[in-house]
Amino acid sequence: MSEGTAESGEWFGHPKGLYVLFFVEMWERFSYYGMRALLVFYMTKHLLFSQGQASEIYGLYTGLAYFTPFFGGILADRFWGQRKAVMIGGVLMAAGHFAMAFESLFFPALGLLVLGNGAFKPNVSTQVGTLYPEGDPRRDSAFSIFYVGINLGAFLSPLVCGTLGEVWGWHYGFAVAGVGMMVGLGIYLWGQKYLASDRLMKRQEQQQTAEEPLTKDDKIRMMILAVVCLFNIAFWAAYEQQGNTLALWADEDTDRYLRGWEIPATWFQSVNPFCIFFLTPFVTGFWAWRNRQGQGMGAIGKMSVGCLLLGLSFLIMVPAAVLYDAHGTPVSMFWLVGSIFVMTLGELYLSPVGLSLVTKLAPPRLVSMCMGGWFFSQFIGNSLAGYIGSYWDVVAKPHFFLLLAAMATVSGLCIALYLQYLKRTEHRKHILTV
């Protein structure tokens, strides 16, 4: 076995490397979402920022966290390789989480987290795709399994980091997030033998230096991917309100008492990943059934449905906001839980499908950069989410939720129209494979 070649063997029908990456990403997302669950509350309750300031900083931070992966992908494709990039990113992120324990290092800590995420995020996701040969039908299900790992970490982190932060002290929550990142990095180092060689390693092994130029088909596929990413911006701008304005809604406008016990506000950020666990088998099973019936929906079609479902989730919040305005008292938590349930359905139709789409459409030598481009659309969406959230205490809540519903719905309709356009042109052959 040559250096950098994955050790053979499978678990449950998939390469062992998938499960290594599953747990690596689980712990990295534990650290990211643990910190995110505390961030707005920490700024408004401890650092005493206004809600508008906190929302803008939140949007800038989460936006930049999805801006830097584009450059992290370029560095990995050309200089570092995916493995080294993941290691560098993990160390930077761990340092950032530990630095959050000191008030004076608040902004430098955010900077370290942004840079670390840029190196880490695109290069873990692309390694899932490299475990499978081109055309392997297991790739989509592999990304669904990988996505469960993401959400397992996202489910546990608000319960652990959020509780520590709210009950024992903010700095304890941030420190535990740092420990989670170190655990993920340790698993990644241990599991190297199960991972496939990244493209840079293969080129070094084969002593190849010349790069083949991009073909016309490569350029068309990248164009299709870029347009889909553009339409996704509105999805992320609405979706990312979960950790921002919806967190404020859970804290201030939701009746969180259950049999006399008040549920911590941060725990509501675990509802979405819990729904991921619950819904993923049903959604993937439904897709498989539709495929057997010869009525399967391609990746781009699924992403259109995901946006429409997200729009519906915010429509659910409109009557809740009307009730709050009418009575001036917190409303039932089940409005928020129901909204998140539908939002999660939309997420399953868009986010893991999009990750798989990138690995199918991107030229092999640019796959990390293209994955960074996918996250770049999230950068713009997250930045827009922060800007929209700054109007939370200015705009009437029913109108605020209607705006988010409209944004997501229009995005879904645009993707659907673009798909119909592709089907009527010579580009049809490129979307039939995805």
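See the structure shown above.
Right, let's walk through the structure included here. Note that the structure is predicted; figures quoted are calculated from it, not measured. (Residues numbered from 1 in each chain as written. Predicted model: local features only at pLDDT ≥ 70, side-chain atom pairs only at ≥ 80, totals over all residues. Heavy atoms only, no water.)

## Some remarks on the overall build of the protein
If you tally the helices and strands in the protein, you get 16 helices and six strands. Here the protein has a C-alpha radius of gyration of 21 Å; the compact-globule value for 434 residues is 22 Å, and the two agree. With the principal axes as the frame, the protein shows a C-alpha extent of 70 × 50 × 35 Å. Evaluated residue by residue, the protein yields a buried proportion of 56% over its 434 residues. As displayed, the protein offers around 17900 Å² of accessible surface, 66% of which is attributable to carbon and sulfur atoms. (Helix = DSSP H or I, 4+ residues; strand = E, 2+ residues; numbered from the N terminus. Rg over C-alpha atoms; globule rule 2.2 N^0.38 Å. Buried < 20%, exposed > 50% of the residue type's maximum accessible area, 1.4 Å probe, protein only. Areas by Shrake-Rupley, 256 points an atom, 1.4 Å probe, with all protein chains shown as cover.)

## A short note on the pattern of salt bridges
Side chains bearing opposite charge may pair, as long as their charged atoms lie close to each other. Following the criterion strictly, the structure yields seven salt bridges and no others. Residues Glu25 and Arg29 are paired through a salt bridge, measuring 4.0 Å at the closest nitrogen-oxygen approach. A residue pair is termed a helical-turn pair when its members lie 3 or 4 positions apart in one helix, as Glu25 and Arg29 do in helix α1 (residues 16-46) at four residues. Of the two residues, Glu25 and Arg29, both sit in the buried class. The partner of Arg256 in a salt bridge is Asp251, with the nearest N and O atoms 3.6 Å apart. The exposure classification of Arg256 matches that of Asp251, with both residues buried. Residues participating in the shared-partner salt-bridge network are Glu25, Glu28, Arg29 and Lys121. (Salt bridge = Lys/Arg side-chain N within 4 Å of Asp/Glu carboxyl O.)

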